[in-house]
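# Overview (structure and organization)
Listed here are the chains, written in short residue letters.
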Amino acid sequence: MSAFRRVAANTRGRDLAVGDIHGHFERLRECLEAVGFDPLVDRLFSVGDLVDRGPGSAQALQWLAEPWFHAVQGNHESLAVNHLRGGRVDLDMYRAAGGGWFLDLPKAEQVRFVEVFERLPIALQVDTAGGPVGLLHADSPFDDWAQLCASLQAGDDLQVREVCQWSRRRLKEGDSRPVKGLRALLVGHTPVLEIKVLGNVWHLDTGGWSRGRFSLLDLASLTQVNPTPDE
């Protein structure tokens, strides 16, 4: 796995980002169709947690095989990897968090998913005309994007990975300090009622997997392209 991946600017269509999916790919597909998403020219970027909780977790591999879909590794993908590769996992917590579909698979099927999940980067950088946009699942342990990228490329630091995939500190503390070197950092992990911006960190998990309210963010304009229910 390359823990950091950079994606060149899209010169043909739109780049959109979405929060946690958690097995609700059909619901997300309807949302994309409503905004005229064109897979021939548009791309969709995910902040991770593709699986668990919802009914369509097995569709994750189909989506990840599409050239227009890009994702970072969320903590739920990490749980699957750790379970199969011998890492520490609280199985009761994992099952309660929706991981039963994976735990109950034959080992050969688990391997098929994990081999894809472990290739997902921890951090993605997407170039845009306005400057680079970063994606992580939860938060950055550093206030400088270049420092995080260097750390990820140097090796697997478990404390760095922990913050990137599990931290809720920024939202809990209302920390509005920006992450330097980025136009915006897009994250998920912690559900919010509407897209919430702290500094230049955009929290995108608006409950598409629970309340049916996916929020699609245009990376070029940093605006939500699908209306909220009140609009």
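Let me begin by describing the structure that accompanies this report. (Residues numbered from 1 in each chain as written. Predicted model: local features only at pLDDT ≥ 70, side-chain atom pairs only at ≥ 80, totals over all residues. Heavy atoms only, no water.)

## Digging into helix α6 (residues 145–154)
Heads up, the rule is: Think of it in three bands: residues with accessible area under 20% of the maximum for their type are buried, residues over 50% are exposed, and the middle band is partly exposed, with areas taken using a 1.4 Å probe on protein chains only. Segments assigned H or I by DSSP are reported as helices when at least four residues long, segments assigned E as strands when at least two residues long, and all are numbered from the N terminus. The directions from the helix axis to the C-beta atoms are what the arc is built from. Contacts: residue pairs with any heavy atoms within 4.5 Å of one another. In the analysis that follows, any N or O atom pair within 3.5 Å is treated as a polar contact, provided that within protein one partner can donate a hydrogen and the other can accept it, and provided that, for residues neighboring in sequence, both atoms belong to side chains.
Residues W145, L148, C149, S151 and L152 constitute the buried set of α6. Seen from one end, α6 has its buried residues packed into an arc of 160°, which puts them on one side. Looking at α6, the residues exposed on the side facing more than 90 degrees away from the buried face are A146, Q153 and A154. If you follow the buried residues of α6, they end up packed against β1 (4–7), β5 (123–126), β6 (133–135), α7 (158–166) and β7 (184–187). Where α6 starts, the residue carrying a side-chain oxygen 2.9 Å from the main-chain nitrogen of A146 turns out to be D144. Directly beyond the C-terminal end of α6, a positive phi value near 160° is found at G155.

## Brief notes about the sheet that holds strand β3 (residues 43–46)
For clarity, the threshold we go by: Strands were regarded as paired on the criterion that DSSP finds at least two bridges between them.
The mixed open sheet is built from five strands, whose spatial order is β4-β3-β2-β10-β11. The open sheet has two free edges, formed respectively by β4 (69–71) and β11 (223–224), since each of these has just one partner strand. Relative to β11, strand β10 (residues 217–218) is paired through two bridges, and the arrangement is antiparallel. Paired with L217 across the strands is Q224, a residue of β11.

## Observations concerning unusual backbone geometry
Although it is not a glycine, H22 sits at a positive phi angle of roughly 50°. Looking at the element boundaries, H22 is found in the loop between β2 (15–18) and α1 (25–34). Judged by its relative accessible area of 2%, H22 is buried. The phi dihedral of L222 falls on the positive side, at around 50°, and the residue is not glycine. Structurally, L222 is set in the loop between β10 and β11.

## Section: the nonpolar core
Under the convention used in this document: Residues enter a nonpolar core if they are buried and are Ala, Val, Leu, Ile, Met, Phe, Trp, Tyr or Cys, with the set joined through side-chain atoms within 4.5 Å.
One finds L28, L44, L50, F69, F117 and L216 to be the most contacted residues of the largest nonpolar core, which totals 32 residues. Elements with a minimum of two residues in this core: β2, α1, α2 (60–64), β4, α3 (75–85), α4 (91–103) and α5 (107–117). Here L28 is in contact with V18, I21, L44, W63, F214 and L216, once residues within four sequence places are set aside. Listed in part, the 17 residues of the second largest apolar core include L135, A184, L186 and L222.

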